[in-house]
Amino acid sequence: MAPVRETISKGVVSPLRAVPKGITRPDYVGKKRAARWTGGDVHSAEAIERIRISAKIAAQALAEVGKHVVPGVTTDELDRIGHEFILDHGAYPSTLGYPGAAGRPPFPKAMCTSVNEVICHGIPDSTVVEEGDIVKVDITAYKNHMHGDNCGSFIAGEGTERSRQLVEVTHEAMMRGIKAAHPGREVNVIGRVIEKYASRFGMESVQSYTGHGVGPAFHTGLVIPHYDAAPEHADVIEPGMVFTVEPMLVDGSQANEEWNDGWTVVTKSGAWVAQFEHTIVITDSGPEVLTLP
Ligand code: MF3
Ligand code: CO
Ligand code: CO
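The present account deals with the structure reproduced in this document. Just so you know, these numbers come straight off a predicted model, no measurement behind them. (Residues numbered from 1 in each chain as written. Chains lettered and ligands numbered in written order. Predicted model: local features only at pLDDT ≥ 70, side-chain atom pairs only at ≥ 80, totals over all residues. Heavy atoms only, no water.)

**Observations concerning the coordination of the cobalt ion (ligand 3)**
Condition: Only nitrogen, oxygen and sulfur atoms qualify as donors, and only when within 2.8 Å of the metal (3.2 Å in the case of Na, K and Ca); with water excluded, sites may look incomplete. Metal sites are grouped by the angles between bound donors: all angles between 85 and 135 degrees with four donors is tetrahedral, opposite donors over 155 degrees apart with the others between 65 and 115 is square planar for four donors and octahedral for six, and any other pattern is irregular. A run of H or I in DSSP becomes a helix once it reaches four residues, and a run of E becomes a strand once it reaches two; helices and strands are each numbered from the N terminus. A simple rule labels every residue: compare its accessible area, found with a 1.4 Å probe on the protein chains alone, to the largest value its type can have, and call it buried under 20%, exposed over 50%, or partly exposed in between.
Surrounding the cobalt ion (ligand 3) are the protein donor atoms Asp 149 (OD), His 212 (NE2), Glu 246 (OE) and Glu 277 (OE), which sit 2.0 to 2.2 Å from the metal. Its six donor atoms give the cobalt ion (ligand 3) angles of 51 to 161° at the centre, a pattern that matches the irregular case. Each donor residue of the cobalt ion (ligand 3) belongs to the same chain, and together they define the spacing D-x62-H-x33-E-x30-E. Here the cobalt ion (ligand 3) and the cobalt ion (ligand 2) are spaced 3.1 Å apart, linked through Asp 149, which binds each one. In this pair, Glu 246 sits in the loop between strand S9 (242-245) and strand S10 (248-250) while Glu 277 sits in the loop between strand S13 (273-275) and strand S14 (278-283), placing the two residues 31 residues apart along the sequence. Comparing Glu 246 with Glu 277 shows no difference in burial state: the two are buried.

**Re the site of ligand 1**
Test applied: One heavy atom within 4 Å of a molecule or strand is enough for the residue carrying it to be called near that molecule or strand. Counting of polar contacts relies on pairs of N or O atoms within 3.5 Å, with two restrictions inside protein: one atom must be capable of donating a hydrogen and the other of accepting it, and residues adjacent in sequence are counted only when both atoms are side-chain atoms. What sets the accessible areas is the Shrake-Rupley method with a 1.4 Å probe; for residues, cover comes only from the shown protein chains. Cavities and pockets are defined on a 1 Å grid built over the protein atoms alone: a cavity is a set of grid points where a 1.4 Å probe fits but cannot escape, while a pocket is an open set with protein on both sides within 12 Å along at least five of seven lines, and lining residues are those with an atom within 4 Å of any such point. To be counted as sitting in a cavity or pocket, a molecule needs more than half of its atoms within 2 Å of that site's grid points. For this classification, the nonpolar set comprises Ala, Val, Leu, Ile, Met, Phe, Trp, Tyr, Cys and Pro, the charged set comprises Asp, Glu, Lys and Arg, and every other residue, Gly included, is treated as polar.
Taken together, 14 residues form the shell around ligand 1, and within it Thr 95, Asp 138, His 212, His 219 and Glu 246 come nearest. For ligand 1, an oxygen atom lies 3.1 Å from a polar atom in the side chain of Asp 149. Side-chain polar atom of Glu 277 to an oxygen atom of ligand 1: 3.1 Å apart, as the coordinates give it. Contact with the protein chains removes 96% of the 330 Å² of surface that ligand 1 exposes when unbound. The site holding ligand 1 turns out to be the largest pocket. A class-by-class count of the residues in the shell around ligand 1 yields five nonpolar, five polar and four charged.

**A word on the nonpolar core**
Where we set the bar: What makes a nonpolar core is a set of buried Ala, Val, Leu, Ile, Met, Phe, Trp, Tyr and Cys residues whose side-chain atoms join them at distances within 4.5 Å. Contacts were defined at the residue level, with two residues in contact if any of their heavy atoms lie within 4.5 Å.
The biggest cluster of nonpolar side chains holds 30 residues, and the ones touching the most others in it are Ile 190, Phe 243, Val 245, Leu 249 and Ile 280. Residue contributions to this core peak at seven residues, all from helix H3 (residues 161-179). Residues in contact with Phe 243, not counting those within four places in the same chain, are Ala 181, Ile 190, His 212, Gly 213, Val 214, Leu 222, Ile 224, His 278, Thr 279, Ile 280 and Ile 282. Within the second largest apolar cluster, 24 residues are counted, among which are Ala 58, Leu 62, Phe 85 and Val 129.

**Details of the coordination of the cobalt ion (ligand 2)**
Ideal donor angles around a metal are set by the shape: a four-donor tetrahedron calls for 109.5 degrees, a six-donor octahedron for 90 or 180 degrees. Taken together, Asp 138 (OD), Asp 138 (OD), Asp 149 (OD) and Glu 277 (OE) make up the protein donors of the cobalt ion (ligand 2), found 2.0 to 2.5 Å from the metal. Mapping the donors of the cobalt ion (ligand 2) onto the primary sequence yields the spacing D-x10-D-x127-E. Overall, the relative accessible area of 2% leaves Asp 149 in the buried class.

**Overview of the sheet that holds strand S15 (residues 286-289)**
Note the threshold: Pairing between two strands requires that DSSP report at least two bridges joining them. Each axis is a line fitted through C-alpha atoms, taken for helices only over the stretch in contact, and angles between the N-to-C directions span 0 to 180 degrees.
In space, the three strands of this open sheet follow the order S9-S14-S15, with antiparallel pairing throughout. Each edge of the open sheet carries a strand with a single partner, namely S9 and S15. Here the strands of the sheet are splayed against their neighbours by 40° on average, with no regard to which way each runs. Both S9 and S14 contribute to a ladder of four bridges, which runs antiparallel. If you follow Val 245 over to S14, its bridge partner there is His 278.

**Considering empty space enclosed by the protein**
Rolled over the atoms, a probe as big as a water molecule pinpoints where empty space is left. Note the cut-off: Grid points are joined across faces, edges and corners, and a volume is the space filled by probe spheres set on the points.
The full count for this structure, using the stated rule, is two cavities of 30 Å³ or more. Looking at the largest cavity, its volume works out to about 110 Å³. Forming the boundary of the largest cavity are 14 residues, of which Ile 8, Thr 113, Ile 123, Asp 125 and Thr 127 lie nearest the centre. Take the lining of the largest cavity: its biggest share by element is three residues, from strand S2 (residues 112-115). Residues belonging to the lining of the largest cavity are distributed by class as follows: five nonpolar, seven polar and two charged. By volume, the second largest cavity amounts to about 30 Å³. Residue assignment for the lining of the second largest cavity shows that the elements contributing at least two residues are S2, strand S3 (118-120) and strand S4 (134-143).

The following block contains the structure:
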């Protein structure tokens, strides 16, 4: 039997990585908070083509980083790989310098790396990935004034049968949620489908963190719940809308807390978590995934 992994603790965060002058930064970089987006969530065909480009870069970056999730790698090294990939494609890593909650520091890295019981917003640092870890990589690219956002879960080595199931069920839950996103329905249909599917396997779908409108803003203000929120979150899905679906499923209780770094969110019990995320566009005939490599 492999030794059981200790709980995750904070490592050392490396100095800020540089971004060349020629790469356009989102307007929140260097600001206390991101400006509220007032332009709505339905976009022109021309705008969607630009989101498509950013989404593709984000998906390619995710695939590249995912290849390097192996025992022995640090999450800081994963960040270096993603940071350089995004820059090499003429894009900006949207999380770098993203403003935090009031009084909290901005996010300091090019992606979130959330290991095992970390639900989301883990900061890449000196943490060494071990055999069997579930590493969630959440990476977003900004180019031509548009963001594309996606996340995947990677197991270092083989993992246990249950951890593989957690990852597979989370992916399937996301895909089922996406497939439910048809014009004319309320966005809460997405969460209803996800939560129902998770419950079949004794898994909880996290309620505190949600999907969101994305494109000209990293987070537009539109909320996509991953649980049955009806009658709340009744926004009607329309053609031309772009948003994320990004369920976090817990193998246990979703009760959670934030570390005092202002970002890292962990389950209170130490229960493990998987997450997947796609950016999707709604067409007349239904959803289309944009974050494909
Ligand atoms: N990419 C995350 C999402 O899916 C947001 C991360 S914000 C950060 O919405 F500041 F933590 F990076
Ligand atoms: Co994301
Ligand atoms: Co997102």
